[in-house]
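Each chain, letter by letter, is given below.
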Amino acid sequence: MNVLFVNTNISVLEGLENLFYRMRAVWHMKFAAGSEQALALLEQDTFDVVVSDSQMSTMSGLEFLQCLRRNYPDSIRIVLTGEITKTSLHNLFGLAHKILSKPAKLGELHSAIERVVSMKNLLNNDVAYRAAANIERLPSAPKVYSELLSLIQQENFRLDDVAALIERDPAIAARMLQIANSSAYNLVRNVTSVRDALAYIGLDECPNIVLSSEMTAGDGEGAYLIGVSVEDYQRHSFATACLAGELIDDKSRSRIAFISALLLHVGAMVMATELPGVIEPAFSLAKEERISLHSAELKLNGFCHCEIGAYILAMWGLPLSIVEVVAGQHKPSSSNENGFTVTSAVRLADYLCGTDGWLLGTEESTLDVSVDYLRKIGFLGGLEGLKRCVSRAKQQG
């Protein structure tokens, strides 16, 4: 893997070189003293990861990141920053895949770089990797901001009410978790629920994040290209998330199941806007042959939208517990999954809500959930009873 470190401070570059001395056998590293040297190296070689400082001399850190995104979209952008304000944080989130506070801890920076390797191996498809590396936002419904302002202006509003509103929009929910899990907040544990994210971020900041998401997300045109409105997508995702959360008794694992199900199909929405020429033929093939969307995607492209979604969420810094569930959703039922896991709950909720069939415009699910799989996870006998939970979950959505 090729890694480029960029900093105008020579002593900082030397420190980074010493810190990662033992990684020389695994990483091919280059060190650039400023943006000019970095751009020269980028013209000569391809870099999987670029680690840059937010402050540079000849070109500002933001200008350098903009240049990277425009001219070298395949490279994952990690930025180190010492001064984090609300404005700078929002600007950087639009340009960087990962933001780390200075001085960066060795383990934290090492983990961020290794995560890029893991996610690149997960996709194992150059077209998908290039598309995912250049995606920075998810579609959001524009009405959420006004609804949020109306809610928080009420005298007796509760944090739970705000969280419930945010959770109806997978794009904004993902952004809230991204920000709460960034090193800017220096939290000692991963935040996996929107309510906890709001508690850490604060309600004063919440409307600004929602507005920035909606102002940069476009009008949802990509969703309509595949015959799905953003609003319908949000309602269906929320119903699936409610059911997935109900299927698990443990509170912490239930929250992970809820968020994972909420974000499960963001990859399809992103591909509709970023890769319409890739996902539209898959929709057509699935409808023609009456197969699942993921089967059609694998047949045509070698990857599916859940992998794209998992990659984006991982680069945004969401907990791996969520990323792994999203990434593992559309694998064959004959996988090594044993017992009733969070992945099982989300897959079963997706099946019971008929999400795949809904995306394709049919009433029934086309997902690969066999009798053997249901018996394996211990839910065969209770399947009919579980189906009765679907209407309740859809009412919540």
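Residues numbered from 1 in each chain as written. Predicted model: local features only at pLDDT ≥ 70, side-chain atom pairs only at ≥ 80, totals over all residues. Heavy atoms only, no water.

Things to note about the packing of helix α14 (residues 251-262) against helix α19 (residues 320-327)
Now for step 1: With their axes 9 Å apart at the nearest point, α14 and α19 run at an angle of 50° to one another. Between α14 and α19, the angle falls in the class oblique. Read as a crossing pair, α14 and α19 show a hand that is right-handed. Residues Ile256, Ile259 and Ser260 of α14 lie in contact with α19, whose contacting residues are Ser321, Ile322, Val325 and Val326.
Now for step 2: Partitioned by chemical class, the residues of the contact of α14 with α19 number 5 nonpolar, 2 polar and no charged. (Axes fitted to C-alpha atoms, helices over the stretch in contact; angles between N-to-C directions. Helix = DSSP H or I, 4+ residues; strand = E, 2+ residues; numbered from the N terminus. Parallel < 35°, antiparallel > 145°, perpendicular 65-115°, else oblique. Left-handed = near helix turned anticlockwise from the far one by under 90°. Contact = heavy atoms within 4.5 Å. Nonpolar A, V, L, I, M, F, W, Y, C, P; charged D, E, K, R; others polar.)

Looking at unusual backbone geometry
Now for step 1: The phi torsion at Arg290 lies on the positive side, around 55°, for a residue other than glycine.
Now for step 2: Locating Arg290 in the fold gives a position in the loop between α16 (276-289) and α17 (293-301).

Some thoughts on the layout of surface pockets
Now for step 1: The computed volume of the second largest pocket comes to approximately 330 Å³.
Now for step 2: Forming the boundary of the second largest pocket are 15 residues, of which Glu167, Ser193, Arg195, Arg255 and Phe258 lie nearest the centre.
Now for step 3: Elements that contribute at least two residues to the lining of the second largest pocket include exactly α8 (159-167), α10 (194-201), α13 (230-246) and α14.
Now for step 4: Considering every element that reaches the lining of the second largest pocket, the biggest residue donor is α14, with 5 residues.
Now for step 5: Counted by class, the lining of the second largest pocket contains 7 nonpolar, 2 polar and 6 charged residues. (1 Å grid on protein atoms, 1.4 Å probe; cavity = no way out; pocket = protein on both sides within 12 Å on 5 of 7 lines; lining within 4 Å. Points joined across faces, edges and corners; volume = space filled by probe spheres on them.)

Quick look at helix α15 (residues 266-274)
Now for step 1: Of all 9 residues in α15, 7 are buried; the element is thus mostly enclosed.
Now for step 2: Taken together, the buried positions of α15 are Val266, Gly267, Ala268, Met269, Val270, Met271 and Ala272. (Buried < 20%, exposed > 50% of the residue type's maximum accessible area, 1.4 Å probe, protein only.)

Comments concerning the sheet that holds strand β3 (residues 49-53)
Now for step 1: Reading across the sheet, the 5 strands line up as β2-β1-β3-β4-β5 and stay open at both edges, with parallel pairing between neighbours. Of all the strands in the sheet, the pair left with one neighbour each is β2 (28-32) and β5 (98-101). Sheet twist, expressed as the mean angle between neighbouring strand axes with direction ignored, is 20°.
Now for step 2: The pairing of strand β1 (residues 2-6) with β3 spans 4 bridges and is parallel. The residue bridging Val6 from the neighbouring strand is Ser52, located in β3.
Now for step 3: Sheet contacts for helix α3 (residues 61-71): β1, β3 and β4 (76-81); angle to β3, the most-contacted strand, approximately 165°. (Pairing = 2+ DSSP bridges.)

With respect to the confidence of the model for the protein chain
Now for step 1: Summing up the model confidence of the protein chain, the mean pLDDT is 76 and the portion of residues at 70 or higher is 70%.
Now for step 2: Taken element by element, the protein chain is modelled with least confidence in helix α12 (residues 221-225), mean pLDDT 52, and with most confidence in β1, mean pLDDT 94.
Now for step 3: In the model, residues 332-336 has pLDDT below 50 throughout and makes 7 contacts with residues more than four positions away in sequence or in other chains. (pLDDT = per-residue confidence, 0-100.)

Here's the deal with α3
Now for step 1: What α3 keeps buried is the set Gly61, Phe64, Leu65, Cys67 and Leu68. Burial along α3 is one-sided: seen end-on, the buried residues are contained in an arc of 155°. (Arc of directions from axis to C-beta.)

Side note on the pattern of salt bridges
Now for step 1: Per the stated rule, a full pass over the model turns up 3 salt bridges.
Now for step 2: Its salt-bridge partner being Asp161, residue Arg158 comes within 3.2 Å of it at the nearest N-O pair.
Now for step 3: We note a salt bridge from Lys299 to Glu289, for which the minimum N-O separation is 3.3 Å. Of the two residues, Lys299 sits in helix α17 while Glu289 sits in helix α16, which places them 10 residues apart along the sequence.
Now for step 4: The class for Glu289 is partly exposed, based on a relative accessible area of 39%. (Salt bridge = Lys/Arg side-chain N within 4 Å of Asp/Glu carboxyl O.)

Thoughts on the packing of helix α2 (residues 35-44) against α3
Now for step 1: Packing of α2 against α3 brings their axes to within 11 Å, and their N-to-C directions diverge by 10°. In terms of axis orientation, α2 runs roughly parallel to α3. Residues Ser35, Ala38, Leu39 and Leu42 of α2 form the contact with α3, whose own contacting residues are Phe64, Cys67 and Leu68.
Now for step 2: Residue classes in the contact of α2 with α3 are distributed as 6 nonpolar, 1 polar and no charged.

Observations concerning the side chain of Thr192
Now for step 1: Tracing the chain through its elements places Thr192 in the loop between α9 (170-180) and α10.
Now for step 2: Owing to a relative accessible area of 12%, Thr192 belongs among the buried residues under this scheme.

Comments concerning the state of the cysteines
Now for step 1: Inspection of the entire model under this criterion finds 0 disulfides.
Now for step 2: Here Cys304 is not cross-linked by a disulfide; its sulfur's nearest cysteine counterpart is in Cys306, at 4.8 Å. (Disulfide = S-S within 2.5 Å.)

Remarks on the nonpolar core
Now for step 1: Ranked by size, the top nonpolar core spans 97 residues in total, and within it Phe5, Val51, Leu109, Ile113, Ile166 and Met176 carry the most contacts.
Now for step 2: Ignoring sequence-local partners within four residues, the contact set of Ile113 consists of Met1, Val3, Phe5, Trp27, Val49, Val51 and Ile78.
Now for step 3: Among the nonpolar cores identified, the runner-up in size contains 19 residues, and Ala32, Leu39, Cys67 and Val79 belong to it. (Core = buried A, V, L, I, M, F, W, Y, C linked by side-chain atoms within 4.5 Å.)

Observations regarding the environment of Asp169
Now for step 1: Mapped onto the elements of the fold, Asp169 is located in the loop between α8 and α9.
Now for step 2: Residue class for Asp169 comes out buried when judged on its relative accessible area of 1%.
Now for step 3: In this structure, the C-alpha to C-alpha distance between Asp169 and Leu263, residues 94 residues apart in sequence, is 9.2 Å.
Now for step 4: At a separation of 2.9 Å, a polar atom in the side chain of Asp169 contacts the main-chain amide nitrogen of Ala171. (Polar contact = N/O pair within 3.5 Å; in protein donor to acceptor, adjacent residues only side chain to side chain.)

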